[in-house]
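Working through the structure, step by step
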Amino acid sequence: MTLVRYEPWNFLDRFQRELNQLNLGSDVGENDSSNVVTSHWRPAVDIKEEADRFVIHADLPGVDPKDIDITMEGGMLTIKGERKSEKREETEGYKRVERVSGTFYRRFSLPDTADADRIEAKGKNGVLEVILPKQEKVQPRKITVKN
């Protein structure tokens, strides 16, 4: 007997990809690769804007922070990595090993107000926190008129 994981949103994801291939329901250009399927799973992400920064929280249970790559290029923040876990259970008469693995890949377009040079990230208890400080606003300079 084969067990199949039921994921109710797969149908909607597949439908959206097919619409994008037909260039319907999307105003994204052909060169946008943010919807390219390059991963086995997609972690849940929360994005919050605060007065002086943007904060991204990504749920990455079972992912070691050293297995996460974060890059910033051309105004796009990319978070990718891989999770691997193995659970062994041995009891009288049987042995069971369960393995869970998969890669993930998420891309985010950064707002113009984000300061890409001061991005920080930390991982704790299966949650990745990426902090994107906002650029300091340039204060207008008063120019005096001479006689």
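Heads up: the structure comes first, above all this text.
For clarity, every value in this text was computed on a predicted model and none was experimentally measured. What you see as residue numbers is a count from 1 along each chain, following the sequence as written. The model is predicted, so local features are restricted to residues of pLDDT at least 70 and side-chain atom pairs to those at 80 or more, both for listing and for counting; the totals for chains, interfaces and linings are taken over all residues. To obtain the side-chain values, all non-hydrogen atoms of the structure were used and water was disregarded.

Observations concerning the overall build of the protein chain
To keep things clear, this is the line we draw: Elements are defined by DSSP. Helices are runs of H or I of four residues or more, strands are runs of E of two residues or more, and each kind is numbered from the N terminus. Using a 1.4 Å probe on the protein chains alone, a residue whose accessible area is under 20% of its type maximum counts as buried, one over 50% counts as exposed, and one in between counts as partly exposed. Accessible areas in this description were obtained via Shrake-Rupley with a 1.4 Å probe; residue shielding takes into account the shown protein chains only.
When helices and strands are tallied, the protein chain shows one helix and seven strands. Within the span of the protein chain, comprising 147 residues, buried residues form 19% of the whole. About 12300 Å² of surface is accessible on the protein chain, with carbon and sulfur atoms providing 48% of the total.

Points about the side chain of Asp-115
The condition that has to hold: Each polar contact in these results corresponds to two N or O atoms within 3.5 Å; when the atoms are within protein, one needs to be able to donate a hydrogen and the other to accept it, and residues that are neighboring in sequence are counted only if both atoms are side-chain atoms. In this description, contact between two residues means that some pair of their heavy atoms is separated by no more than 4.5 Å.
Relative to the helices and strands, Asp-115 is located in the loop between strand S5 (94-109) and strand S6 (120-124). Exposure remark for Asp-115: the relative accessible area of 17% places this residue in the buried category. A distance of 2.8 Å separates the side chain of Asp-115 from the side chain of Arg-118, its partner in a polar contact. With residues near it in sequence (within four places) discarded, Asp-115 still touches Pro-133, Lys-134 and Gln-135.

Looking at the side chain of Glu-129
Within the secondary structure layout, Glu-129 lies in strand S7 (residues 127-133). Only 3.0 Å separates the side chain of Glu-129 from the side chain of His-57, close enough to count as a polar contact. What Glu-129 contacts, discounting residues up to four positions off in sequence, is Val-55, Ile-56, His-57, Glu-120, Ala-121 and Lys-122.

Concerning the sheet that holds S6
This is how it is decided: Each pair of strands is called paired provided DSSP finds at least two bridges between the two strands. Helix axes are fitted to C-alpha atoms over the stretch in contact, other axes to C-alpha atoms as well, and angles between N-to-C directions run from 0 to 180 degrees.
As summarised here, the arrangement of the four strands in space is S1-S2-S7-S6, forming an open sheet in which the pairing is antiparallel. Looking at the sheet topology across the chains shown, the edges are occupied by strand S1 (45-49) and S6. Ignoring which end each strand starts from, the neighbouring axes of this sheet average 15 degrees apart. Pairing between S6 and S7: five bridges, direction antiparallel. If you follow Lys-122 over to S7, its bridge partner there is Glu-129.

Some thoughts on the pairing of S6
Of all five residues in S6, zero are buried, a share of ten percent or less. The hairpin turn running from S6 into S7, its antiparallel successor, is two residues long, and Asn-125 in that turn takes a positive phi close to 55 degrees.

Considering unusual backbone geometry
Even without being a glycine, Asn-125 presents a positive backbone phi close to 55 degrees. Its location among the elements puts Asn-125 in the loop between S6 and S7.

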